[in-house]
Amino acid sequence: MATEKAVAELSETEAAQELAMLADKLARANAAYHTEDAPEISDADYDSLKRRNAEIEDRFPDLKREDSPSEQVGAPVSESFAKVEHSVRMMSLANAFADEDVRDFNDTVRRYLGLRDSDGGLAYTAEPKIDGLSLSIRYENGKMVSAATRGDGAVGENVTANARTIDDIPETIEGAPEVLEVRGEVYMSHADFEALNARHAETGGKTFANPRNAAAGSLRQIDPKITAARPLKFFAYAWGELSEPLADTQMGAIERFAKLGFQTNPLTRVCDGIDEMLAHYRDIEEQRATLGYDIDGVVYKVDDLDLQRRLGFRSTTPRWAIAHKFPAELAWTRLEKIEIQVGRTGALSPVARLTPVTVGGVVVSNATLHNEDYIAGRDAKGEPIRDGKDIREGDWVQVYRAGDVIPKVADVDLSKRPEDATRYAFPHVCPECGSEAVREEGDAVRRCTGGLICPAQAVEKLKHFVSRAAFDIDGLGAKQIEMFYADETLPIREPADIFTLEKRDAQNLARLKNRDGYGETSAKKLFKAIDEKRKTPLNRVIFALGIRHVGEVAAADLARHFNSWDAFTKAVDTAGPAAKLYIAAEEKVQQERQAAASEGRRAQVAQIRFAYWEARLAEEAKAAWDDIVGIDGIGATVAVSLVTTFQQEAERASIDRLAAELDVQDVAAPATSDSPVAGKTVVFTGTLEKMTRAEAKARAEALGAKVSGSVSAKTDLLVAGPGAGSKATKAADLGVETIDEDGWLALIGDA
Ligand code: IVH
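Report follows, based on the coordinates. (Residues numbered from 1 in each chain as written. Predicted model: local features only at pLDDT ≥ 70, side-chain atom pairs only at ≥ 80, totals over all residues. Heavy atoms only, no water.)

1. As for unusual backbone geometry
Then, in step 1: At H370, a position not held by glycine, the phi torsion is positive, near 65°.
Then, in step 2: Positionally, H370 belongs in the loop between β14 (362-368) and α11 (372-376).
Then, in step 3: With a relative accessible area of 32%, H370 lands in the partly exposed category. (Helix = DSSP H or I, 4+ residues; strand = E, 2+ residues; numbered from the N terminus. Buried < 20%, exposed > 50% of the residue type's maximum accessible area, 1.4 Å probe, protein only.)

2. Thoughts on the state of the cysteines
Then, in step 1: Applying the stated rule across the entire model yields zero disulfides.
Then, in step 2: Just so you know, C430 is unpaired, no disulfide at all, and the nearest cysteine sulfur is the one on C448, 3.7 Å from it.
Then, in step 3: The thiol of C454 is not disulfide-bonded; the next cysteine sulfur, from C433, is found 3.8 Å away. (Disulfide = S-S within 2.5 Å.)

3. Concerning the side chain of S136
Then, in step 1: Summarising the element assignment, S136 is placed in strand β4 (residues 133-140).
Then, in step 2: Looking at S136, its side chain comes within polar contact range of the side chain of R183, at 3.0 Å.
Then, in step 3: The contact partners of S136, leaving out residues within four places of it in the chain, are H86, M90, S146, A147, A148, E181, V182 and R183. (Polar contact = N/O pair within 3.5 Å; in protein donor to acceptor, adjacent residues only side chain to side chain. Contact = heavy atoms within 4.5 Å.)

4. Some words on the sheet that holds strand β20 (residues 706-708)
Then, in step 1: With parallel pairing, four strands are arranged side by side in an open sheet as β20-β19-β21-β22. Each edge of the open sheet is held by one strand with a lone partner, namely β20 and β22 (737-739). Sheet twist, expressed as the mean angle between neighbouring strand axes with direction ignored, is 30°.
Then, in step 2: Relative to strand β21 (residues 717-720), strand β19 (residues 681-685) is paired through four bridges, and the arrangement is parallel. (Pairing = 2+ DSSP bridges. Axes fitted to C-alpha atoms, helices over the stretch in contact; angles between N-to-C directions.)

5. A few points about the site of the ligand
Then, in step 1: In the vicinity of the ligand lie 15 residues, with E127, I130, E185, Y237 and K301 positioned nearest.
Then, in step 2: Here S134 contributes a side-chain N or O atom positioned 3.3 Å from an oxygen atom of the ligand.
Then, in step 3: At a separation of 3.1 Å, a nitrogen atom of the ligand approaches a polar side-chain atom of K301.
Then, in step 4: Its free accessible area being 530 Å², the ligand has 88% of it covered by the protein chains.
Then, in step 5: Elements with a contribution of two residues or more to the shell around the ligand: β3 (123-130) and β10 (295-302).
Then, in step 6: For the shell around the ligand, the element with the highest residue contribution is β3, accounting for four residues. (Near = heavy atom within 4 Å. Areas by Shrake-Rupley, 256 points an atom, 1.4 Å probe, with all protein chains shown as cover.)

6. Regarding the pairing of strand β11 (residues 321-325)
Then, in step 1: Of all the five residues making up β11, five are buried; the element is thus mostly covered by neighbouring parts of the structure.
Then, in step 2: Alternating positions in β11 separate into two faces, A321, A323 and K325 on one and I322 and H324 on the other, with burial throughout.
Then, in step 3: Alignment of β10 against β11, held across five bridges, turns out to be antiparallel. Bridging from a neighbouring strand, K301 pairs with A321 of β11.

7. Observations regarding the packing of helix α20 (residues 576-599) against helix α21 (residues 605-612)
Then, in step 1: In the contact formed by α20 and α21, the axes pass within 9 Å of each other and the chain directions differ by 150°. If you check the angle between α20 and α21, you find them roughly antiparallel. Every pair of crossing elements has a handedness; the one defined by α20 and α21 is right-handed. Where α20 abuts α21, its residues L581, A585, E586, K588, V589, E592 and R593 lie against V605, I608, R609 and Y612.
Then, in step 2: For the contact of α20 with α21, a count of residues per class yields six nonpolar, no polar and five charged. (Parallel < 35°, antiparallel > 145°, perpendicular 65-115°, else oblique. Left-handed = near helix turned anticlockwise from the far one by under 90°. Nonpolar A, V, L, I, M, F, W, Y, C, P; charged D, E, K, R; others polar.)

8. Describing the nonpolar core
Then, in step 1: Formed by 67 residues in total, the largest nonpolar core has its most connected members in I498 and L558.
Then, in step 2: It is helix α23 (residues 636-647) that provides the largest number of residues to this core, a total of six residues.
Then, in step 3: In contact with I498, other than residues within four places in its own chain, are L462, F465, V466, I473, L476, I492 and I530.
Then, in step 4: I137, F193, L219 and F234 belong to the second largest nonpolar core, which has 32 residues in total. (Core = buried A, V, L, I, M, F, W, Y, C linked by side-chain atoms within 4.5 Å.)

9. Observations regarding the side chain of T715
Then, in step 1: Locating T715 in the fold gives a position in the loop between β20 and β21.
Then, in step 2: Among the residues examined, T715 registers a relative accessible area of 6% and is labelled buried.
Then, in step 3: In this structure the side chain of T715 is engaged in a polar contact, spanning 2.8 Å, whose partner is the backbone nitrogen of S712.

From the geometry alone we can't say anything about function, so treat these as descriptive.
This is the structure we're talking about:
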């Protein structure tokens, strides 16, 4: 760069601008070099950009960006490791922040298990939550055969060669089950981290922001020799596949790990009930600073493994464990500007652009401001928050981070408010497409009404479509989506375009393989990755559509219920007229309730519902609607959102274009096909005495049954406990088989 100014002469603004430009250039150069195998700039130019970046960061440490190139560990290596499918999913943990959350967790566990106060305290293990990265190591006949990172939980990266270089991980173990997957945390001690950084600083290598980054960067090295030179450690705390149980209790399993030669955390204790758990938490918190490695909370796990099995898992977290996080770290800084981002469902989200500040070892320059009420100093009920102080551009604000979540603005220092600061006027039009942005009653969020015409919504929808839990297409992430969305000759503007990309590319003069960041190989690789995803399971397809209120869990519930794309779309289409009438009827019900309240009489809800709903609705539409809202876990909110989305012409056409490109995979009944209830629709009613309703539902679903909340002609089986009312009568009318709880347990072999 001929016009380059000396670093010493740069103003702060110029420095920030240049750092942004350098981050961008270096990221592109990195991608071109490592991922696309097509370097764009010479090694010398690359080095000089990196040096310049380091010099500017040295002079303006506060401006160091979150995505600073000096923090990047070589390449985005994920592309370079083979993938390993975990035989048992690697789960994450739900979080608790306050003591109250831990009490709620304990209450929920006890309720799920149907424990009464008189049953006494429940034992939990409590142990530090290590701030590293998780690893699953597989042993067969006592020999280590593979090691994999967590990845997305289902598929991780094969880092076997690197794991073999870690001293705490034995190559062979004696007296272990035939198949044993040991899981735990790879981490770096404070002393090793500082020594590594000092060594790198001396030799001009990269330094790391914190021990966690250093551990992750070291484990995910292509060259195991580099990993071997980095002092990594490992604590064992969990397991995956086992050919036989390790013990009866969590603590027993940990002790077994120790006997097999693994390091286990010495602060692991069995606690008898909530008070002991919280006391141990305080104890660990007090020792935090002197442990010599980073921890970010305490993990509680139900000790009895039989109870763990009964409690089972939600979609990504176990019901039997929770992470109690240490309080968030805080810092004060200037809020420079409030900007509005438009999300996939049109939500206008205010973001605070901050003067960069370090919060707990990480440079923070953005924070969420939630919604317009939060900025104005009100909560969802209109009650004041922060004593009613509003947030303005130019304010001196307190920022905090809790775990991995996006930083938040907690407080404002009014004594430092600039005199000319004015109240923030939240926009009533979408800043991206100019459509009106409206706030529906009861909704905290203002939304752009532009739908598919809003470019921000379209891009966010596409990003969601390719995200991990949705289509998860290799080489097509958020960055590439933005690039293709803006592309004039080979655009991706809606999901179907992804699947016509190769065909359109072949007809194009400007071929993808000749473009920035792509070559022959990488273009082919992308087309192949896309092609592979034409066969995607129904639950992922439904989730990928990005319909408001239809999250991963609801999508899975719907997929399990309908099994196939055709059955799903037919039900949603048939229910079409019901959604409109339902909304209209509920509005009338609302009006009637208000009128009745002011007139001091009883509201005539049933009559209104009949007049505006049942009487006007075709039998078929009503049945389809009941079928959808009858699915356990799917309520009217989800159903209205789903059905009305399919009724919108433009949305529907876009979904149809997508479906035409796909071969949506039916959702096979999970678990054993020899299960007596696989594929059956089961309804539970009345009081269950040997298990709770939630447990019964989870168990039935694990056996491949669909659990519904209401009895209809589609119900195969009603499990009725004492006090069963109208559902039992209806089942009798319809001739649905009805059994009691013992009959159910006998049927599924749990008696
Ligand atoms: S147990 C099925 N125990 O925290 C439960 N996790 O936020 C598996 N972690 O992905 C996790 N220390 O990487 C467990 N003592 C501990 C842990 C721990 C750190 C990590 C782990 C997990 C993440 C979830």
